[in-house]
Amino acid sequence: MQQYITREGTGQDLRFACELCEEQVQKQRYTEPHKHLRPKGERRAYRVAITGGYEEQDYICESCGAEFTYSNDKNDYGWNIHRKKE
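Per chain, residue numbering runs from 1 following the sequence as it is written. Under the rules for a predicted model, residues below a pLDDT of 70 receive no local features and side-chain atom pairs below 80 are neither given nor counted, while totals for whole chains, interfaces and linings still include all residues. Side-chain descriptors were evaluated using all non-hydrogen atoms of the structure, hydrogens and water having been removed beforehand.

So, on to the overall build of the protein. Along the backbone of the protein there are one helix and four strands. Helix and strand definitions here come from DSSP, where helices need a minimum of 4 consecutive H or I residues and strands a minimum of 2 consecutive E residues; each element is numbered from the N-terminal end. Reading the secondary structure of the protein in the N-to-C direction produces α-β-β-β-β. The classification of residues rests on relative accessible area computed with a 1.4 Å probe and restricted to protein chains. Under 20% of the type maximum is buried, over 50% is exposed, and intermediate values are partly exposed. Residue burial in the protein is summarised as follows: out of 86 residues, 34% are buried. Contacts: residue pairs with any heavy atoms within 4.5 Å of one another. Intrachain contacts of the protein at a sequence separation of at least 6 include 36% that bridge at least 24 residues. Accessible surface area values rest on a Shrake-Rupley calculation with a 1.4 Å probe, where residue burial reflects the displayed protein chains alone. Carbon together with sulfur atoms contributes 46% to the accessible area of the protein, which is approximately 6,000 Å² in total.

Written as structure tokens, this is what we have:
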């Protein structure tokens, strides 16, 4: 039986992702994207009166097509992988 890489604690299936994307999804906030991740669309800023807010940016991997959302929200993982580009 083949074992697949998953985000620790979520069971998220990453078998479509390249090795760099598998490593990226384990990283926390304030880490740089790997060399094949390119920004996709505009950065989104969310302002919250109490905490000051946070920002999100979508990325796509030029190597395997995996799509990410990066968030610097303290309640988020940092790097969230969504799906492989169709």
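Attention now goes to the pattern of salt bridges. A side-chain nitrogen of Lys or Arg and a carboxyl oxygen of Asp or Glu constitute a salt bridge if their distance falls within 4 Å. Taken as a whole and assessed by the stated rule, the structure comprises six salt bridges. Salt bridges sharing common partners tie together R43, R47 and E55.

Quick look at unusual backbone geometry now. The phi angle at Y30 is positive, at roughly 65°, despite the residue not being glycine. Mapped onto the fold, Y30 is located in the loop between α1 (19-24) and β1 (37-46).

For every residue, the predictor reports its confidence as pLDDT, a number between 0 and 100. Taken as a whole, the protein shows an average pLDDT of 80; of its residues, 77% reach a score of 70 or greater. For the protein, strand β4 (residues 79-84) is the element with the lowest average pLDDT, namely 78, and β1 is the one with the highest, namely 94. Below pLDDT 50 for its whole length, residues 1-6 participates in 10 contacts with residues either more than four positions away or in separate chains.

By the element assignment, T69 lies in strand β3 (residues 66-71). Of the residues examined, T69 reaches a relative accessible area of 10% and is grouped as buried. A polar atom in the side chain of T69 sits 2.7 Å from the side chain of D58. Contact partners of T69, with chain neighbours within four places excluded, come to R44, E56, Q57, D58, G78, W79, N80 and H82. As used in this structure description, the phrase polar contact means that two N or O atoms lie within 3.5 Å; if the pair is within protein, one of them must be able to donate a hydrogen and the other to accept it, and residues adjacent in sequence are counted only when both atoms belong to side chains.

With that out of the way, let us pick up the packing of aromatic side chains. Working definition: a ring pair exists when centres of Phe, Tyr or Trp rings (six-membered ring for Trp) sit within 6.5 Å. Plane angles under 30 degrees give stacked, over 60 give edge-to-face, the rest tilted. Evaluation of the coordinates by the stated rule reveals four aromatic pairs. Ring pairing ties together the aromatic residues Y59, F68, Y70 and W79, which thus form one cluster.

Below, the discussion takes up the pairing of strand β2 (residues 54-61). If DSSP finds at least two bridges between two strands, the strands pair. Judged from the seven bridges that link them, β1 and β2 form a sheet pairing that is antiparallel. Looking at the pairing, A45 lines up with E55 of β2. In this sheet, β3 lies alongside β2 in antiparallel orientation, the contact comprising five bridges. Within the sheet, the bridge partner assigned to Q57 lies in β3 and is Y70. Once β2 ends, the chain turns through four residues before running back antiparallel as β3, passing G65 with a positive phi of about 85°.

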